[in-house]
Amino acid sequence: MSAGDRRTRSLAERVTELRPNPLVAAVRSAWPFVIAIVIAFVLQAVVAPAMSPFKAKMLLDIGIAIVLASSLNIVNGMAGQFSIGHAGFMMIGGYAAAVVTYYGSIKLLGVPLGVDVPVIGGFMGSGDLLFLASCIVGGIFAAVAGLVVGLPSLRLRGDYLAIVTLGFGEILRVLVQQTPEVPSPKEAAEAGLGTMMSHLGGALSFTGTPTYVSPTPWLENASGEQTGHAGIFFTYLIVGILLVLIYRLKTANQGRRLLAVRENEIAAEACGVNTSRTKVTAFVLAAFFAGVGGALFAHELGATLSPKELGFMKSIDLVIMVVLGGMGSITGVVCAAAFLTVLPELLRTLAPMITNLIGVSVNPDAYRMPLYALALILVMILRPQGLFGIRELWDLRWWKRYVTPAWTKIAGGWLIPRAPKDRP
Amino acid sequence: MTTLVQTLVDTIALGSLYALTALGYTLVYGVLRFINFAHSDIFTVGAWVAWSFCGLFGWLGTGSPIFAMPIILVLAMATCAALGILIELLAYRPLRRAPRLNVLITAIGVSLLLQNCGQLDWVFGRQGQPMPALVEDRSLFMLAGVNIRLVDITIVLLAGALMVALERLVYGSKVGRAMRAVSFDERVASLMGINVNRIVSITFGIGSALAAAGGLLFALKYSNIKQPADTTWVLLGLRAFVAAVVGGIGNVRGAVAGALLIAFVEQFGAAYLSANMRDLFVFVVLIVVLLVKPSGLFGKAVVEKV
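Residues numbered from 1 in each chain as written. Chains lettered and ligands numbered in written order. Predicted model: local features only at pLDDT ≥ 70, side-chain atom pairs only at ≥ 80, totals over all residues. Heavy atoms only, no water.

Colleague: Break down the overall build of chain A for me, with residues and values.
Modeller: When you go through chain A residue by residue, the secondary structure sums to 17 helices and zero strands. Considering only residue pairs separated by 6 or more positions, chain A has 77% of its internal contacts joining residues 24 or more positions apart. (Helix = DSSP H or I, 4+ residues; strand = E, 2+ residues; numbered from the N terminus. Contact = heavy atoms within 4.5 Å.)

Colleague: Can you break down the interface of chain A and chain B residue by residue, with the values?
Modeller: For interface size, the figure often reported is the accessible area lost on association. With 39 residues of chain A in contact, the opposing surface of chain B contributes 44 residues. Summing both sides of the interface, chain A and chain B together bury roughly 3,700 Å²; the carbon and sulfur share of this comes to 79%. Area buried by chain A at its contact with chain B is led by A:Asp159, A:Tyr160 and A:Ile163, which between them contribute 17% of it. The interface formed by chain A and chain B includes zero salt bridges. At the boundary of chain A with chain B, the tally comes to zero residue pairs in polar contact (both at pLDDT 80 or more). Those elements that provide at least two residues to the side of chain A that touches chain B are helix H7 (159-177), helix H14 (312-325) and helix H16 (364-382) of chain A. With 13 residues, H7(A) is the single largest residue contributor to the side of chain A that touches chain B. Considered class by class, the residues forming the side of chain A that touches chain B number 31 nonpolar, three polar and five charged. (Buried area = accessible area lost by both parts, 1.4 Å probe. Salt bridge = Lys/Arg side-chain N within 4 Å of Asp/Glu carboxyl O. Polar contact = N/O pair within 3.5 Å; in protein donor to acceptor, adjacent residues only side chain to side chain. Nonpolar A, V, L, I, M, F, W, Y, C, P; charged D, E, K, R; others polar.)

Colleague: Lay out the side chain of B:Asn36 with the relevant residues and their values.
Modeller: Residues and elements named next belong to chain B. One can find Asn36 in the loop between helix H1 (2-32) and helix H2 (39-57). Relative accessible area serves as the criterion here: at 5%, Asn36 is assigned to the buried category. Only 2.8 Å separates the side chain of Asn36 from the side chain of Tyr92, close enough to count as a polar contact. If sequence neighbours within four positions are ignored, Asn36 has contacts with Tyr25, Val28, Tyr92 and Phe204. (Buried < 20%, exposed > 50% of the residue type's maximum accessible area, 1.4 Å probe, protein only.)

Colleague: I'd love a proper account of the pattern of salt bridges, names of residues and values included.
Modeller: In this structure the tally under the stated criterion is 16 salt bridges over all chains. A:Lys250 serves as the salt-bridge partner of A:Glu392, at 2.6 Å between the closest nitrogen and oxygen. Taken together, the residues span a long stretch of sequence, with A:Glu392 in the loop between H16 and helix H17 (397-411) and A:Lys250 in helix H10 (residues 231-251) at a distance of 142 residues. Taken as a pair, A:Glu392 and A:Lys250 share a single burial class, namely buried. Counted as one network, the salt bridges with shared partners bring together B:Arg239, B:Glu266, B:Arg278 and B:Asp279.

Here it is as structure tokens:
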């Protein structure tokens, strides 16, 4: 390109030239999702069968914790709006999804729930599709709630906002506790919309949801029928999608706006950031994924969908994950979520050793929460930005030294664009 | 009529208890500008410490001497004051210049720590305990068919006395003037020769002592103590906290007014609308007040400066 060219052509024309070929762009924007699908598939088909059922359940728990903690990371970490009612969104999503699958299985698919019906229609069959739809419905319901809770954030900040989110979670809990029992499958077949929306099981739990999110790997019985659900596949599919979206959010304009609001709202506003819009968007996005996480939780094997389970303590658990991992760090929160999910088990295995060491019998469950609380205080005093701060795994020195060169060698040129040679 | 009088009595008694706790939130907010989430746990610890002292002196059964009550009250208040000062020293003082969000998270951490350490077997344990009747459980007189119990009268009188004492302290003593000065402007106060750290410690001590008194009186009224991490405590603390916010946090008289309002909404809502929804009413009041007048009913609006 000569200097003369540059003068005669308009800026728009020159920008068009810099844009990649639409086909290449499409591939480039889609490949992370493809990789997410592949990873989820490998976890389900290869890794999970090799694990003990207990460890496979752990894998599931980690996945769900990542979804929930990462969604909280959008609003707490990136936008800096301290919310301690995140389990409320989870509750809305979980209950909405449970309603969809419970009544959907009975009314749409005509399955008599209550008896053990392991798989409806096989992998990606009607049952799985219903489950995926329920995740989306749960997310949408939670997102609407996110909009409602996000609006006060325009007037309130800091501790006051925290109280409002807490109040929201508590109000939801009280409301759900008042609801009557879930009708039995036989009654459910005749139930109207009003009954479906209001009979949520009250203080006990929503019973009868099929367990789509179970750690059992695909199994086939002698007659070739599938007897397990692809729970790990679906969970990690959602984890993958969420993480890619959050990464893009963080590096895009919208994410920069979130961080600006977090650092200083007044300064952000002075720079032309529409702070109201940014904050509400953060709430809606976070609520949507919390709802999806709640939907996963509602269908998980061994999880009870009850208002008590999804109360204040659940919100605090999620806050601890985000704070320890690093507010605003995607990979940091993922690591913290995984670590804190495994920690109780780790403590349980370590307990006999500690008992031997000090000669006093220790009950690890009793010391879990005091340890978390202490960690929370110490992190706030010694490293207020969390373990990772706003940095990611790949910003760390050892990662840059060992992993980045290897990855560039493997993926450079086709998965990630190679840096142009002519640019300094 | 009976329901009305009974509800009114409960409202006044509970309102006084909430006020004692709300005052702690308000005092701390006044000097440090942050909401001490761990304050409600001091309330819990107060009740449990009182119970422990009763056990120590062998007053767990019935028929404890008449002087048991003041001794236990003073001991519980002193222990909790020490605990409050210690918490401030270890957890909050290192964060004096940190962003408010960090202090808030630390406060939640302290709250969790107190709750869960209290549950350990060698502290208070996981079981609820019956509280001995330090104040004789008898009715003083009948009012419209309602027994006015000695406990309720004690609560109202004691809480009232403590509040008057606090009022005299804040508005009529040298320490109180120093507290108000720190609340007004920390830096200028320290330039005027006020030891800010000492005043903050004193504030924490006073707030925690009031909460301890509240905890003891609450345990006496309901004559049992739930386990330290029970949701009852959390909700109780939240109501007191809501009272402080509704009254305008940082405002001593507002906290008392807010506490009575919250107790009124809770008790009358429970008696006349639905007993299970009392927390709903409280939080709805909170959210409405915050949305309409974020600084609370008696608070001053603060403009944030750049």
